Amino acid sequence: MAINPSIITRDLDKVAEPTGNIYESIHIVGQRAKQISSNLKEELNNKLSEFASTVDNLEEVFENKEQIEISKFYERMPKPSTLAMEEFMEGKVYHRFPDQEQG
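One structure accompanies this document, and this report is about it. These figures come from a predicted structure and were not determined experimentally.

Here's the deal with helix 2 (residues 22-49)
Piece 1. The end-to-end C-alpha distance of helix 2 is 40 Å, a good match for the 40 Å that 28 residues give at a rise of 1.5 Å each.
Piece 2. Taken together, the buried positions of helix 2 are Ser25, Ile28, Val29, Ala33, Ile36, Leu40 and Leu48.
Piece 3. Turning to helix 2, the residues buried within the fold contact helix 1 (12-16), helix 4 (65-76) and helix 5 (80-89).
Piece 4. Between the side-chain oxygen of the N-cap and the backbone nitrogen of Tyr23 there are 2.7 Å, and the N-cap of helix 2 in question is Asn21.

Take a look at the structure:
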């Protein structure tokens with residue numbers, strides 16, 4: 001069974017360090033991953049909308065090599081969760097706790 005080389009073991013203490021709580025850290029990473037995913041999806045849809053056609057001819061649909069290359073590029077990109085974790089561990093993710101600011 002092949003192991004994905006992009007999968008790495010993380011030290012939970014280092015992940016929890018910025019917030020003091022592993023669950024809060026993971027929540028922040030998850031929220032950032034959603035932002036990244038949403039941005040990438042919008043970007044991809046904008047690029048692919050240039051190729052949108054109302055033609056029902058299957059031959060024309062399958063022959064668009066530019067569209068295929070754009071899709072393949074996005075498929076090869078790192079996953080949003082991986083990007084979010086990297087950003088978080090490098091201190092590039094801004095986070096705050098509104099309930100603590102009011103008290």
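Now that the structure has been shown, we can carry on.
Observations concerning the packing of helix 2 against helix 4
Piece 1. Close contact between helix 2 and helix 4 brings their axes to 10 Å; oriented N to C, the two are set at 170 degrees. Taken as axis vectors, helix 2 and helix 4 run roughly antiparallel relative to one another. Note on element contacts: helix 4 touches helix 2 through Gln67, Ile70, Ser71 and Tyr74, opposite Leu40, Glu43, Leu44, Lys47 and Leu48.
Piece 2. Of the residues that constitute the contact of helix 2 with helix 4, the class distribution is 5 nonpolar, 2 polar and 2 charged.

Calculation notes
Residues numbered from 1 in each chain as written. Predicted model: local features only at pLDDT ≥ 70, side-chain atom pairs only at ≥ 80, totals over all residues. Heavy atoms only, no water. Helix = DSSP H or I, 4+ residues; strand = E, 2+ residues; numbered from the N terminus. Expected span 1.5 Å × (residues − 1). Buried < 20%, exposed > 50% of the residue type's maximum accessible area, 1.4 Å probe, protein only. Contact = heavy atoms within 4.5 Å. Polar contact = N/O pair within 3.5 Å; in protein donor to acceptor, adjacent residues only side chain to side chain. Axes fitted to C-alpha atoms, helices over the stretch in contact; angles between N-to-C directions. Parallel < 35°, antiparallel > 145°, perpendicular 65-115°, else oblique. Nonpolar A, V, L, I, M, F, W, Y, C, P; charged D, E, K, R; others polar.

Interpretation note: all reported values are geometric properties and have no functional meaning in isolation.
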